[in-house]
Amino acid sequence: LTNEHQSRQYSTISLFACCEIMASASYRDAALKSSDPDIASGVGEDQTNAAKRRSAGEFVRGVSSARDTIGAVDGKYPVESGRYHLYVAYNCPWCHRVALTRTLLGLEDVVSMDVLLPVRTEADHPQGEGKWQFAPDGITARNGETIKYPQCTKDSVNGKGTLVEVYAMCDIEQTSAPMLFDKKTGTVVNNESADIIRMLNLLAPLGTTPEATLYPADPVARQRIDDCNEFTYGAVNNGAYKAGFSRSQKIYAAAYNRYFDALNKLNQTLEKSTFLCGETVTEADVRLFPTIFRHDPVYYNRMKLNQAYIAEYPNLWRWMCDVYNLPGVAEQSPLDHMKQGYFGRTGNSVVPIGPPGYPERLHDRDFAKKRCLALAQAAKGGRSVGRIAGEVVGAMLVGACIATALLRHSVRQ
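This text gives an overview of the structure that appears in the document.

Definitions and cut-offs
Residues numbered from 1 in each chain as written. Predicted model: local features only at pLDDT ≥ 70, side-chain atom pairs only at ≥ 80, totals over all residues. Heavy atoms only, no water. Helix = DSSP H or I, 4+ residues; strand = E, 2+ residues; numbered from the N terminus. Areas by Shrake-Rupley, 256 points an atom, 1.4 Å probe, with all protein chains shown as cover. Axes fitted to C-alpha atoms, helices over the stretch in contact; angles between N-to-C directions. Parallel < 35°, antiparallel > 145°, perpendicular 65-115°, else oblique. Left-handed = near helix turned anticlockwise from the far one by under 90°. Contact = heavy atoms within 4.5 Å. Salt bridge = Lys/Arg side-chain N within 4 Å of Asp/Glu carboxyl O. Phe/Tyr/Trp six-rings, centres within 6.5 Å; stacked < 30°, edge-to-face > 60°. Lys NZ or Arg CZ within 6 Å of the ring centre and 35° of its normal. Nonpolar A, V, L, I, M, F, W, Y, C, P; charged D, E, K, R; others polar. Buried < 20%, exposed > 50% of the residue type's maximum accessible area, 1.4 Å probe, protein only. Pairing = 2+ DSSP bridges. Right-handed = clockwise from strand over helix to strand, strands pointing away. Expected span 1.5 Å × (residues − 1). Bend = angle between axes of the 7 residues up to and from the residue.

Along the backbone of the protein chain there are 11 helices and 8 strands. For the protein chain, the exposed surface amounts to about 18,200 Å²; the carbon and sulfur share of it is 52%.

We now examine the packing of helix 6 (residues 249–269) against helix 7 (residues 283–302). Contact geometry of helix 6 with helix 7 gives a least axis separation of 13 Å together with a crossing angle of 120 degrees. For the element pair helix 6 / helix 7, the angle class is oblique. Every pair of crossing elements has a handedness; the one defined by helix 6 and helix 7 is left-handed. Here Tyr259, Phe260, Leu263 and Leu266 of helix 6 lie close against helix 7, whose contacting residues are Leu288, Thr291, Ile292, His295 and Tyr299.

Turning to the pattern of salt bridges, a few remarks are in order. If you walk through the whole model with that rule in mind, you get 14 salt bridges. The shortest N-O distance in the salt bridge between lysine 370 and aspartate 364 comes to 3.4 Å. Overlapping salt bridges, with partners in common, bring together Glu80, Arg83, Asp182 and Lys184 in one network.

Moving on, we get to the packing of aromatic side chains. Geometrically, a pair of aromatic rings is defined through the distance of the ring centres and the angle of the planes. Per the counting criterion, the structure on display carries 17 aromatic pairs. Taken together, a centroid distance of 6.3 Å and an interplanar angle of 35 degrees make the contact between tryptophan 94 and tyrosine 241 tilted. Highlighted residues: tryptophan 94 in helix 2 (residues 93–104) and tyrosine 241 in helix 5 (residues 219–245), separated in sequence by 147 residues. Through a chain of ring-to-ring contacts, the aromatic side chains of Trp94, Tyr233, Tyr241, Phe245, Tyr299 and Tyr342 assemble into a single cluster. For the cation-ring pair, arginine 120 lies above tryptophan 132, with the distance from its terminal atom to the ring centre recorded as 4.0 Å.

Let's shift gears to the packing of helix 2 against helix 5. The interhelical angle for the contact between helix 2 and helix 5, taken along N-to-C directions, is 125 degrees, at an axis separation of 11 Å. As the angle between them shows, helix 2 and helix 5 are arranged oblique. Judged by residue contacts, Pro93, Trp94 and Arg97 of helix 2 engage Tyr233, Asn237, Asn238 and Tyr241 from helix 5. Partitioned by chemical class, the residues of the contact of helix 2 with helix 5 number 4 nonpolar, 2 polar and 1 charged.

Side chains Met179 and Phe181 project from strand 7 (residues 179–182) onto one buried face, and the interleaved Leu180 and Asp182 project onto a second face that is buried too. By the bridge criterion, 4 bridges tie strand 3 (residues 84–88) to strand 7 in an arrangement that is antiparallel. Following the sheet pairing, histidine 85 is matched in strand 7 by phenylalanine 181. As paired strands, strand 7 and strand 8 (residues 187–190) are joined by 3 bridges and run antiparallel to one another. If you follow phenylalanine 181 over to strand 8, its bridge partner there is valine 188. Count of turn residues in the strand 7/strand 8 antiparallel hairpin: 4 residues, of which glycine 186 carries a positive phi of about 65 degrees.

The subject of this paragraph is the pairing of strand 4 (residues 112–115). Where strand 3 and strand 4 come together, 4 bridges link them in parallel fashion. From the neighbouring strand, tyrosine 87 faces strand 4, where its bridge partner is aspartate 114. Tracing the backbone out of strand 3, into helix 2 and back to the parallel element strand 4 gives a crossover that is right-handed.

With that out of the way, let us pick up the sheet that holds strand 3. Overall, mixed pairing links the 4 strands, which are arranged 4-3-7-8 in an open sheet. Whereas interior strands pair on both sides, the edge strands pair on one side only; in this sheet they are strand 4 and strand 8. On average, adjacent strands in this sheet sit at an angle of 30 degrees to one another, irrespective of strand direction. Most of the contacts of helix 2 go to strand 3, to which it runs at about 140 degrees, and overall it touches strand 3 and strand 4.

Right, let's talk about unusual backbone geometry for a bit. With an omega of 10 degrees, the peptide bond running from alanine 177 to proline 178 counts as cis. Mapped onto the secondary structure, proline 178 falls in the loop between helix 3 (163–169) and strand 7. Tyrosine 358 connects to proline 359 through a cis peptide bond whose omega is 15 degrees. Checked against the element boundaries, proline 359 lands in the loop between helix 9 (335–343) and helix 10 (367–381). The phi dihedral of aspartate 171 falls on the positive side, at around 60 degrees, and the residue is not glycine. Looking at the secondary structure, you find aspartate 171 in the loop between helix 3 and strand 7.

Turning our eyes to something else, we now look at helix 7. Between the first and last C-alpha of helix 7 there are 26 Å, a value that for 20 residues agrees with the 28 Å anticipated at 1.5 Å per step. Bending of helix 7 peaks at approximately 80 degrees at the position of histidine 295, with proline proline 297 no more than four residues after it. Within helix 7, 19 of the 20 residues are buried, leaving the element largely enclosed by the surrounding structure. Residue lysine 304 follows helix 7 closely and has a positive phi angle near 60 degrees.

Take helix 9 next. With 8 of 9 residues buried, helix 9 lies mostly within the body of the structure. Every buried residue belonging to helix 9 is among Leu335, His337, Met338, Lys339, Gln340, Gly341, Tyr342 and Phe343, and all of these are buried. Its buried side turned inward, helix 9 meets helix 2, strand 6 (146–147), helix 5 and helix 7.

Everything listed here is a matter of geometry and, on its own, says nothing about what the molecule does.
Dropping the structure here:
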């Protein structure tokens, strides 16, 4: 990575001091080794002195224990349609990336899927507190509201009430989602999201778009994706949790600064290409999107990442809009699940209503660019930044309301 420099287009706004992303050191061999259970780059956090670091207040993510591989040379889990099943929860960003991959690769009829409730079990549950549960009929949440979502399902494969019971039947002492399950042998294949999305790519030829791929065969392209995954995992994906869940002020501050440094770098990179690794969506985009999508409505407050909104990064906002508007992505990104999952279990358990216009505004890929230009003009003209920002947002909301009204009128006609 080069040193930071001011963005030419937004030089009046210090927020857009960015630096270019250059090739980072190789994380591992770029070629996919299906016989290696650790098949994906940027998989997990260094576990060196993990207990000591946790006691010092640092959030250290645990390690997934189920790490088998579809298509391995031992033939245990062959590439096969209809054999595998996913358990996901939309509020979880690691599950979100898996659900997005399944949709983008057209695997809905190849890999079945159940959706967990974004509200976990309480202390009086037979399985204990904090377990992922199947509750399609809904429950009463901590804020006293009845929580029910149309996407949530029962356990259609094993008939269990919680995900921890599925693990238990396979003699695995874990509780996390997502999970890739083999219906034929009744075993857990893998519970590491980075591995799962890579394996779904192996199943892509069996889907409705057999030519689709998020991890091209070209070794150079794979290396670029792997490098990007490693960068975004540490600074952004896991970085958001390290900022939000660490109990040390110094560790929080370091994660906070690293996170926003990364957003600046990504914003600069996306000035030159439509997606992170070129003009085609890849696994790198799918892995970054869940975190960026959550930033404005969730992480800005919940993870204390309040330096800036994504709407203050024009290229990153445009990229987020482009990914969001890919076929099936919006349907696999229910924001109500996410807000319930993050806010419904912490503090006073009250779930915020806003922000207004989100995610509806993600159909306006130039929103952030127009907003930033207006802020720059306000700074030059001496007008109140808050005032001009309010005027810009207000005008856009009015425009959106008018467009909606015209659309409804045309439909009636």
